[in-house]
Amino acid sequence: MGVCASTFADVLTKIVDVEGWLSKEQARCLYNRAVALPQGSQVVEIGSFRGRSLIVLACAAPEDAQLVAIDPHAGNDRGPKEIRSNQKLGDADNRVFKANLDRAGVAHRVTHIRKMSTEASGDVNGDINLLYIDGAHRYRTARNDIVRYGNRVVTNGTMLVHDAFSSIGVTGALLTSTFTSRRWLYQGRCGSLAQYRRQPVRGSAALTNVFQQTLQLGWFLRNIFIKTALTLKLYPLTRIFGHTTRDWPY
Ligand SMILES: C[S@@+](CC[C@H](N)C(=O)[O-])C[C@H]1O[C@@H](n2cnc3c(N)ncnc32)[C@H](O)[C@@H]1O
């Protein structure tokens, strides 16, 4: 059980007003992973925005866990179609992020590294037990996050990747890193939140691993279709795939 809330329902009340794209089901997945961590674990989040996912992790992780949040708050790659930097938006995110963490009672537990993940790896000390990746979704950055930070995850540790099989960049990064990897076992996904365990993957397990991830490409194509239809404002077309809102699929 985590430090600042007794149940997942309590954690949900803490994030209800915190902006972000993490669904309730995905929050539960983060909670379940963090609550099961051993004492003394290190949790690293790449891409914190206004603190929604970080509050879940900080509430659920063991009391003595280290929590590191890497986010430049430069106003770039905040959400759909927000690629370019915008310092005003970034500074606003930073202010709201701090206020949200304070209100949730977890600010004292978190070390925020206000840098791009590509420049922040030297600021993270030691091994990682739980890595959550939700930073810039372009291929190069996403791949760098998966490979460079993923390499520091301990055996039997977990890597969670948001926008997997939903964003083109993130899916491309997974295709060239985890698909045929001998050390990341795909464990399934909650919407676009994919879960991997660090462990040796050999023999028939390696084939199953490729197969299981390849199967998700059907869902990826569905999501690309929905995003294209939403961009072209062809809303009725999204219903073909049961998508009834104007939000991007996560
Ligand atoms: C989709 S939001 C993260 C949402 C957050 N996990 C939540 O649950 O609300 C993406 C975040 O990644 C950050 N970001 C953009 N480029 C980054 C980079 N190179 N390294 C780390 N974070 C980055 C943005 O500032 C933004 O806050």
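How each quantity is defined
- Starting from 1, residues in each chain are numbered consecutively following that chain's sequence as written.
- Local features in this predicted model are restricted to residues of pLDDT 70 or higher, and side-chain atom pairs are both shown and tallied only at a pLDDT of 80 or more, whereas totals for entire chains, interfaces and linings draw on every residue.
- Hydrogens and water molecules were not included; the side-chain quantities draw on all heavy atoms of the structure.
- Summary of the burial criterion: residues with accessible area below 20% of their type's maximum are buried, those above 50% are exposed, and those between are partly exposed, where the area comes from a 1.4 Å probe applied to protein chains only.
- Strands are runs of DSSP state E lasting at least 2 residues, helices are runs of H or I lasting at least 4, and numbering of each runs from the N terminus.
- Note on pairing: two strands pair once DSSP finds at least 2 bridges between them.
- Every crossover in which the path from the first strand over the helix to the second runs clockwise, viewed with the strands pointing away from the viewer, is termed right-handed.
- We call a residue near a molecule or strand when any one of its heavy atoms sits within 4 Å of it.
- Between N or O atoms, a polar contact is any pair within 3.5 Å; within protein, one atom must be a potential hydrogen donor and the other a potential acceptor, and residues adjacent in sequence are included only when both atoms are from side chains.
- Accessible surface is estimated by sampling points in the Shrake-Rupley manner with a 1.4 Å probe; for residues, cover comes only from the protein chains shown.
- In this analysis the probe radius is 1.4 Å and the grid spacing 1 Å, with only protein atoms considered; a cavity is a set of points the probe fits into but cannot get out of, a pocket is an open set with protein on both sides within 12 Å along at least five of seven lines, and lining residues have an atom within 4 Å of a point.
- Grid points define the cavity or pocket, and a molecule sits in it when more than half of its atoms lie within 2 Å of them.
- Grid points are joined across faces, edges and corners, and a volume is the space filled by probe spheres set on the points.
- Gly is placed with the polar residues, together with every amino acid not listed as nonpolar (Ala, Val, Leu, Ile, Met, Phe, Trp, Tyr, Cys and Pro) or charged (Asp, Glu, Lys and Arg).
- Convention adopted: a line fitted to C-alpha atoms gives each axis, helices being fitted over their contacting stretch, and angles between N-to-C directions are expressed from 0 to 180 degrees.
- By definition, residues are in contact when any of their heavy atoms lie within 4.5 Å.
- Domain start and stop positions are those given by an automatic or database domain assignment.
- Computed with a 1.4 Å rolling probe, the buried area is the accessible surface lost when two parts are put together, summed over both parts.
- Should an angle fall under 35 degrees it is taken as roughly parallel, and over 145 as roughly antiparallel, whereas 65 to 115 is taken as roughly perpendicular and any remaining angle as oblique.
- For salt bridges, the criterion is a side-chain nitrogen of Lys or Arg within 4 Å of an Asp or Glu carboxyl oxygen.
- In summary, the pairing rule links any two rings of Phe, Tyr or Trp, Trp by its six-membered ring, whose centres are within 6.5 Å, and it sorts them by plane angle into stacked for under 30 degrees, edge-to-face for over 60 and tilted for everything else.

Trainee: Please provide a residue-by-residue account of the pairing of strand β4 (residues 128-133), values included.
Mentor: Of all six residues that make up β4, six are buried, and the element is covered over most of its length. Relative to β4, strand β1 (residues 42-46) runs parallel, the two sharing four bridges. Bridge pairing in β4 places Val 44 opposite Leu 131. Bridge count for β4 against strand β5 (residues 153-161) is five bridges, and the pairing is parallel. In the sheet register, Ile 133 faces β5, and the bridge partner there is Val 161. In this view, the connection linking β4 to its parallel neighbour β5 by way of helix α6 (residues 139-149) has right-handed handedness.

Trainee: Could you give an account of the site of the ligand, with specific residues and numbers?
Mentor: Every one of the 21 residues lining the ligand counts as a neighbour, but Gly 47, Ser 53, Asp 71, Ser 117 and Asp 134 are closest to it. In the environment of the ligand, an oxygen atom lies 2.7 Å from a nitrogen or oxygen atom belonging to the side chain of Asp 71. For the ligand, whose accessible area on its own is 600 Å², the fraction buried by protein is 97%. The cavity that encloses the ligand is the largest pocket.

Trainee: I'd love a proper account of the layout of surface pockets, names of residues and values included.
Mentor: Gaps between atoms show up when a probe of the same size as a water molecule is rolled over them. Here the largest pocket defines a volume of roughly 850 Å³. Lining the largest pocket are 49 residues, and of these Asp 77, Arg 78, Gly 79, Gly 135 and His 137 lie nearest its centre. Going through the elements one at a time, α3 (52-60), α5 (117-120), α6, α7 (168-175) and α9 (217-231) are the ones with two or more residues in the lining of the largest pocket. Each residue belonging to the lining of the largest pocket can be placed in one class, and the counts come to 16 nonpolar, 19 polar and 14 charged.

Trainee: Lay out the sheet that holds strand β3 (residues 110-113) with the relevant residues and their values.
Mentor: As summarised here, the arrangement of the seven strands in space is β3-β2-β1-β4-β5-β7-β6, forming an open sheet in which the pairing is mixed. In this open sheet, the two strands that pair with only one neighbour each are β3 and β6 (184-190). Between one strand axis and the next, the sheet turns through 15° on average, direction left out of account. Strands β1, β2 (66-70), β3 and β4 of the sheet are contacted by α3, whose axis makes an angle of about 175° with β1.

Trainee: Residues and numbers for the domain arrangement of the chain, please.
Mentor: Each assigned domain of the chain is listed here: domain 1 (8-215) and domain 2 (217-250). The gap between the C-alpha centroids of domain 1 and domain 2 is 24 Å. In this assembly, 19 residues from domain 1 lie in contact with 11 residues from domain 2. Around 1,200 Å² of area is buried between domain 1 and domain 2 when both sides are counted, 61% of it from carbon and sulfur atoms.

Trainee: An account of the environment of Ser 85 is needed here, citing residue identities and associated values.
Mentor: Along the chain, Ser 85 turns up in the loop between β2 and α4 (87-104). Residues contacting Ser 85, with those up to four places away along its chain left out, are Ala 74, Gly 75 and Asn 76.

Trainee: Mind laying out the packing of helix α8 (residues 203-215) against α9, listing which residues take part and the relevant values?
Mentor: Running from amino to carboxyl end, α8 crosses α9 at an angle of 20°, the nearest separation of the two axes being 4 Å. For the element pair α8 / α9, the angle class is roughly parallel. The segment α8 lies against α9, with Gln 213, Thr 214 and Leu 215 engaging Leu 217, Gly 218 and Trp 219.

Trainee: Tell me what's going on with the pattern of salt bridges, and back it up with residues and numbers.
Mentor: Applying the stated rule across the entire model yields seven salt bridges. A salt bridge links Lys 115 to Asp 123; its shortest N-O distance comes to 2.9 Å. Using a relative accessible area of 32% as the deciding quantity, one classes Lys 115 as partly exposed. By relative accessible area, Asp 123 is classed as partly exposed at 35%.

Trainee: If you had to explain the packing of aromatic side chains to someone new, which residues and values would you point to?
Mentor: The tally for this structure, following the rule as stated, stands at six aromatic pairs. Judged by centre distance (6.4 Å) and plane angle (55°), the rings of Phe 165 and Phe 179 are tilted. With Phe 165 in the loop between β5 and α7 and Phe 179 in the loop between α7 and β6, the pair connects residues that are 14 residues apart, well separated along the chain. Pairing Phe 165 with Tyr 186 gives two aromatic rings, centres 6.1 Å apart and planes at 85°, and the pair type is edge-to-face. Of this pair, Phe 165 sits in the loop between β5 and α7 while Tyr 186 sits in strand β6, and the two are 21 residues apart along the sequence. The pair Phe 165 / Tyr 186 is uniform in exposure class, with both members buried.

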